[in-house]
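Notes for the structure review
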Amino acid sequence: MVGSMPLAMKGVVNPLTKASRIDSVDFISPLQQDVNYLCDTLLALIELKLPSHEVAILEKVRSLAKIYDSSFKDDASFHDLANLIENLDTSQLTVVGSLFSNMCNLANLAEHVHRIRRRRAFERGESSLLTHFFLQEIVEEMEDKGKSLREIRDQLTTQTVEMVLTAHPTQAVRRSLLAKLHEIARCIEANHDKSLTPLEKRDNEEKLRSCLLGLWRTDEVRRSKPKPEDEARNIIHVIEDTVWDATPAYMSQMDHYLVSRGLEPLPLDATPFLFGSWAGGDRDGNPFVTPAVTREVVAINRYRAACMYLAEIEALLFDLSLHYGSDELLEYNNKIDAFVEKARKENPGHFIPNKIRYKEFWNHVPPTEPFRVCFYHIRDRMTATREHCEALLANHTPPSADPAAPIYTTKNELLEPLLIMYRSLVETGDQILAEGKLKHLIRRVNIFGLTLVKLDIRQEASEHSNALSAITDYLGMGKYDDLKEDERLEFLTKVLEGKRPLIPRNHPATGKAKNVLDTFETISEIGSEALGAYVISMCMRPSDVLAVEVLQRECSRDCGANSLRVVPLLETIYALQNSTMVLSTLFENKWYREHLRTRFDSVQEVMIGYSDSGKDGGRLTSAWELYKAQEQMVECAEKHGVTLRFFHGRGGTVGRGGGPQHLAILSQPPRTVNKYLRVTIQGEVMEQDFGLPALARKTLEVYTTAVLKADLNDPVPVKEEYREVLNMMSEISCSKYREIVHGDERFVQYFRSATPEQELGLLNIGSRPQKRKEGGVETLRAIPWVFAWTQTRLHLPVWLGLGSALQAGMKTEKGVNLLREMYEAWPFFRSFFDLIEMVLAKADPHISSRYDDVLVVDQEQKLFGDMLRGLLVETIDLVLKVAGEQQLLDKDRVQQRAINTRREWLTPMNLAQVELLKRWRGVTEKGVVKEGVKAEEAAALVDALIISMKGLSSALQNTG
């Protein structure tokens, strides 16, 4: 009750009282009020739960952090804050980290709701603020450029964006906390609803406080490492929570807009979006993804899809109570009745699904209601499908199939009766009914299939070579690994062109080789209905692709007739530079060219990796080589009459190709989108894109309009002098990057001392190991590589080498003027610089130096760290000169404000992390707790350290 509100809560001001007096186009004030209200309310709740001396410590930390942030970062205020934190005990450091971690999560949430609020204000006509990705805005822009509405509609009806949700371990926030944050978001949205009654406002505020307290009381630490199956379930949760409803809703929105412009809506079979997954299929360096795991994940996907479809079927069974239908529908129902009657007679006493589980019509459907008759049969089959998958997941033998209600094995089996009912409604003049839930269901079936997501399989190229070597060695043909490239191509082509099997039925392969062969047998068992692409990581040569084709055919039940499309992943600088050689060799191979034509309609998919190429040669070289490789591969494909599609393996950070997708898509080379875009969505980006229903719809619109614009925009020719300058800068940047990362003997030890790289495994955020194998930086996966540098605020993978490149660029004849011209005129160059600038704005040499002062013992390594920070400061100055700005992000006030909001929270979390790393390393040796150290002391340090990592991850938002 209001009268019993704690005293600490009475000083907290509900933003609704202020927001109601603000003009509807003022979006900044409500956002800041939401952030302040959430953080103040949380702090007030915490004050009720903590002893007074700990509350005083929190207030002191907040006060000193604010002084440091507002004093232009002078040394005195920094040392005052550092000394305070250094003298806190572990439990106090935990509370400090948890407070600021939660504040960052709440600020992120407030910004998500803010974007939703802006969109709704625009749709209500209360604001003219545009964000340059609304469908209406982009269509009008295309019309201004001379494109007809018919051209625009044709593009929209035929383009596809496939989003592949991966299990990459970059989402540091537990799902239990995410669920509470989503509920808080709903409360914030309701808080701005002026139609709420006083009682509803009070209830909403009490619910908000309850959620905030639950957030604070929930353990932030993930206590066990997730299994691949857990990661798969998390991805399915994302689809179920928002994407399932957002997809047909946004397509309906597209329909209404097209109709309002005098055009036909999207066709029923349009697939502007598709969804894939890597969880349970990506076995590259992950020994926990086995054939058995892949089978289980597919069963999970099918089971959850059946549950989702049953809910929709149940609703339609209740709604479509019409007592008439078209002749086509009546005839179809008669056929089904005859089929069921025959099956029952031929199989008397066969098990019938227990219909008492159904909400409606479990016992009888009136035969005079044809739509219900039809849906009754669909429900029986979908229930059988669900129970079949349920038995598989319980390791039970699936119930023997009911001949009258066989399980669904293809989406076309489900689509057939749905389309008949849709046509019936249209034919009988009831199109309004057809355009509702039924149309949404049809579109869901087209987009989500029977598994919600199609599972990709990924494996490293060397594993396939190893498996083939085991076979050829057993057959007395020598080791496949020993063959040169031309010999491999000749051998593989001969096998593919021949009819005799290569692999004996009872092959003696063991270990990794057996695992590879078992995987291909599993792929054949599952079939292409549930699976997507077979991705070859570290693909370097044409034989890597043909090797997979051989293994698919040899291990399949149908001689490869339903094989998966094979996608080479080009992820190093070397692979990108040799990409056209790989493709031209494949396209000129007679067997492969015919296989591509007959099986995949002459479409070749290529995945390009942003992560490892960046780790290999630095961000500038990676970005430029990716751009050039795409241009060259498109030319090669066109020359051979092949349609090329690109799969972009982007991470969350700029260092791994991340950043705003609209910007990224529009900066692609001409002719590389081609009505199809496939992209990975990883870790924390899933939450940013799909965490809330309105965010999911916005994400779908961003991708839709970006692809539309990229394909319909007239290509902007790139001046030759731009290419020459960038070639020179890229070479210098790569040389400097490799000189430091791979050439300086101090680098590896400094990296491991001055960053939490060794401790990242404590986070338990992913099922796979941090390294593919033992070794130095080159064996470290790109995610921990970027994650570790981000935590220390040095952000080295993003900018290292860029300063040297810019210095060289400024020494050319036109100097900085040419670089500024490139920035203004060339979307690729502008996109690159804008993203770099955003990351540099989050960097802090002062914070980075603190890690060195406390954690780095060797004086030579301290000097090495000073040198790196000097390069960072130099790079920032050079970037400002090219951008023509006084401060970073002067041209992006929204991003600048977001970073500044979190800055005073970042500093105490970084200082706490430094102190915790020092203490943890003091009680451990090579990650093992020293003898004599109390278990509870070590456990407390681990918890506090993990919370600091999660907090910084939330504050910086794009960590992996």
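Residues numbered from 1 in each chain as written. Predicted model: local features only at pLDDT ≥ 70, side-chain atom pairs only at ≥ 80, totals over all residues. Heavy atoms only, no water.

Things to note about the UniProt feature "active site" (unreviewed entry) in the protein
We count it as follows: UniProt positions are given in the numbering used here, feature names are shortened, and annotations may be inferred rather than shown by experiment. A run of H or I in DSSP becomes a helix once it reaches four residues, and a run of E becomes a strand once it reaches two; helices and strands are each numbered from the N terminus. When accessible area is computed with a 1.4 Å probe and restricted to protein chains, residues below 20% of their type maximum are described as buried, those above 50% as exposed, and intermediate ones as partly exposed.
Cross-referencing UniProt, the feature "active site" (unreviewed entry) maps to His168 and Lys615 in the present numbering. With respect to the helices and strands, Lys615 occurs in helix H23 (residues 611–617). When its relative accessible area of 6% is taken as the criterion, Lys615 is described as buried.

A few points about the pairing of strand S8 (residues 676–682)
The line we're drawing: The pairing criterion for strands is at least two bridges between them, as found by DSSP.
Extensive coverage of S8 is indicated by the burial of seven of its seven residues. Where burial is concerned, the two faces of S8 agree: the one with Tyr676, Arg678, Thr680 and Gln682 and the one with Leu677, Val679 and Ile681 are both buried. Both strand S1 (residues 160–166) and S8 contribute to a ladder of seven bridges, which runs parallel. Bridging across to S8, Met163 finds its partner in Val679. Bridge count for strand S7 (residues 643–649) against S8 is two bridges, and the pairing is parallel. For Phe647, the partnering residue across the bridge sits in S8 and is Arg678.

Some words on the sheet that holds S1
Put simply, the test is: Axes here refer to lines fitted to C-alpha atoms; in helices the fit is confined to the stretch in contact. Angles between the N-to-C directions go from 0 to 180 degrees. Only heavy atoms matter for contacts: two residues are in contact if any of them lie within 4.5 Å across the pair.
The strand order S1-S2-S3-S4-S5-S6-S7-S8 describes a closed barrel built from eight strands, whose pairing is parallel. Averaged over all pairs of adjacent strands, the angle between their axes in this sheet comes to 25°, without regard to strand direction. Sheet topology note: the strand S4 (residues 531–537)/strand S5 (residues 565–570) ladder contains four bridges and is parallel. Each residue of the ladder has a partner; that of Val535, found in S5, is Val567. Along the sheet, helix H22 (residues 590–600) contacts S5 and strand S6 (603–609); its crossing angle with S6, the most-contacted strand, is approximately 105°.

Brief notes about the pattern of salt bridges
Applied cut-off: In what follows, salt bridge is the name for a side-chain nitrogen of Lys or Arg lying within 4 Å of a carboxyl oxygen of Asp or Glu.
Enumeration according to the criterion identifies 64 salt bridges in this entry. Of the charged contacts, one joins Glu314 and Arg379 as a salt bridge, the two residues approaching to 3.2 Å between their closest N and O atoms. A residue pair is termed long-range when its members are at least 10 positions apart, and Glu314 in helix H11 (residues 291–319) and Arg379 in helix H13 (residues 370–393) qualify at 65 residues. One exposure class covers both Glu314 and Arg379, and it is buried. A salt bridge links Glu915 to Lys918; the shortest N-O distance between them is 3.5 Å. On the criterion of helical spacing, the pair formed by Glu915 and Lys918 is a turn pair, its members being three residues apart in helix H37 (residues 893–923). Taken together, the shared-partner salt bridges in this structure form one network comprising Glu162, Asp456, Arg565, Glu605 and Arg678.

Thoughts on a nonpolar patch on the surface
We apply this condition: Only residues above 30% relative accessible area that lack a salt bridge enter a patch, with like-charged residues linked at up to 9 Å and the nonpolar side chains Val, Leu, Ile, Met, Phe, Trp and Tyr linked at up to 5 Å. Note on areas: these come from Shrake-Rupley sampling with a 1.4 Å probe, and a residue is covered only by the protein chains present in the view.
Among the surface-exposed residues, Tyr474, Leu475 and Met477 lie close enough to one another that they form a single nonpolar patch of about 300 Å² accessible area. Structurally, the position occupied by Leu475 is in the loop between helix H16 (461–474) and helix H17 (485–497).

A few points about the packing of helix H28 (residues 720–741) against helix H32 (residues 802–810)
As a reminder, the rule being used: Crossing handedness follows the turn of the near helix against the far one: under a right angle anticlockwise gives a left-handed crossing, and clockwise gives a right-handed one. Following the grouping adopted for this structure description, the nonpolar residues are Ala, Val, Leu, Ile, Met, Phe, Trp, Tyr, Cys and Pro, the charged ones are Asp, Glu, Lys and Arg, and the polar ones are all others, Gly among them.
Taken N-terminus to C-terminus, the directions of H28 and H32 make an angle of 145°; their axes are 7 Å apart at the nearest point. The hand of the H28/H32 crossing is right-handed. On H32, the residues that touch Met728, Met729, Ile732, Ser733 and Lys736 of H28 are Leu802, Ser804, Ala805, Leu806, Ala808 and Gly809. When its residues are assigned to classes, the contact of H28 with H32 shows seven nonpolar, three polar and one charged.

Brief notes about the side chain of Thr522
Quick note on the threshold: Polar contact is defined as a pair of N or O atoms within 3.5 Å, subject to the rule that within protein one atom must be able to donate a hydrogen and the other to accept it, and that residues adjacent in sequence are counted only when both atoms are side-chain atoms.
By the element assignment, Thr522 lies in helix H18 (residues 511–526). Overall, Thr522 belongs to the buried group, its relative accessible area being 3%. At a separation of 2.9 Å, a polar atom in the side chain of Thr522 contacts the main-chain carbonyl oxygen of Asp518. Excluding anything up to four places from it in sequence, Thr522 contacts Pro291 and Arg295.

Some points on the side chain of Asp544
Structurally, Asp544 can be placed in helix H19 (residues 542–555). Since its relative accessible area comes to 4%, Asp544 is described here as buried. Within polar-contact distance, the side chain of Asp544 engages the backbone nitrogen of Met540 at 2.9 Å. Leaving out residues up to four positions away in the same chain, Asp544 has contacts with Ala461, Ile536, Met538 and Cys539.

Here's the deal with the confidence of the model for the protein
Let me state the cut-off plainly: You can read pLDDT as the predictor saying how much it trusts each residue, on a scale of 0 to 100.
Across the protein, the average pLDDT comes to 88, with 91% of residues at or above 70. Across residues 1–24, confidence stays below pLDDT 50; counting only partners more than four residues off in sequence or on other chains, it has 38 contacts. pLDDT under 50 marks residues 353–360. Its contacts with residues more than four places away, or in other chains, come to 17 contacts.

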